[in-house]
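Read off the chains here:
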Amino acid sequence: MHSVQRRLVPLALACFAALAPPARGQTVNGCTFAAATPAWDAPARQVLLGVGFSYAPACLAVRSGQSVQWSMSFTSHPLRAGEVIGGVPQAPDPGNPIQSTSSGTSVTFAFPEAGDYPYYCDNHFSFDMYGVVYVVLFADGFEDEDLCDWDAVAPAETCPP
Ligand SMILES: [Cu+2]
């Protein structure tokens, strides 16, 4: 462990519970980190159909390394990674672990890296059927590269330009 990490880990330990993803405070797919359902200690991390055309919970916070299971008819509700902006689905970040799923009734994706991973239903995004998986970095998994995903806690000198 080099000096940068020694300096950063105590800071991270002190405030990990309040960490927010880079888009802190920003609304993405109807979600904010603050309003997300914390699920890292839940017995199951699962997204189900909500009332009407919606996900339940749509905005989920998990710990890096955990998996999330979506359970619903993907024929009726094709799952796609990406953000919906102004009613238009955007191309997903290539690092988003959520893969397009158009059949079956259950799919699980692992989220090894901290970040925020938006998703939507390809049939009903115009009804705001979308959400975000927030992947929270916990202190025992910290690496300098991870800290750079969290601009609120990573000093600029630790991050690539
Ligand atoms: Cu749908």
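Keep in mind that this is a model prediction, so the values were computed, not measured.

1. Comments concerning the environment of Thr 105
Moving on, step 1. Looking at the element boundaries, Thr 105 is found in the loop between strand E8 (88-89) and strand E9 (106-111).
Moving on, step 2. Given 11 C-beta atoms within 10 Å, Thr 105 falls into the exposed group.
Moving on, step 3. As for Thr 105 and Thr 75, which are separated by 30 residues in sequence, their C-alpha atoms are 8.3 Å apart.
Moving on, step 4. Contact partners of Thr 105, with chain neighbours within four places excluded, come to Ser 71, Met 72, Ser 73 and Phe 74.

2. Observations concerning the sheet that holds strand E5 (residues 66-71)
Moving on, step 1. The strand order E3-E2-E5-E9 describes an open sheet built from 4 strands, whose pairing is mixed. What marks the edges here is a single partner per strand, and that holds for strand E3 (55-56) and E9.
Moving on, step 2. Bridge analysis of strand E2 (residues 46-49) against E3 gives 2 bridges, and the strand direction is antiparallel. In the sheet register, Leu 48 faces E3, and the bridge partner there is Ala 56.

3. Concerning the pairing of strand E4 (residues 59-63)
Moving on, step 1. Summarising burial for E4: 4 of the 5 residues are buried, a large majority.
Moving on, step 2. Pairing of strand E1 (residues 37-38) with E4 involves 2 bridges; the strand directions are parallel. When the bridges of E4 are listed, Thr 37 appears paired with Leu 60.
Moving on, step 3. The pairing of E4 with strand E11 (residues 130-136) spans 5 bridges and is classified as parallel. Opposite Arg 63, over in E11, you have Val 136 as the bridge partner.

Rules used throughout
- Residues numbered from 1 in each chain as written.
- Predicted model: local features only at pLDDT ≥ 70, side-chain atom pairs only at ≥ 80, totals over all residues.
- Helix = DSSP H or I, 4+ residues; strand = E, 2+ residues; numbered from the N terminus.
- Buried ≥ 20, exposed ≤ 12 C-beta atoms within 10 Å, placed from the backbone.
- Contact = placed C-beta atoms within 7 Å.
- Pairing = 2+ DSSP bridges.

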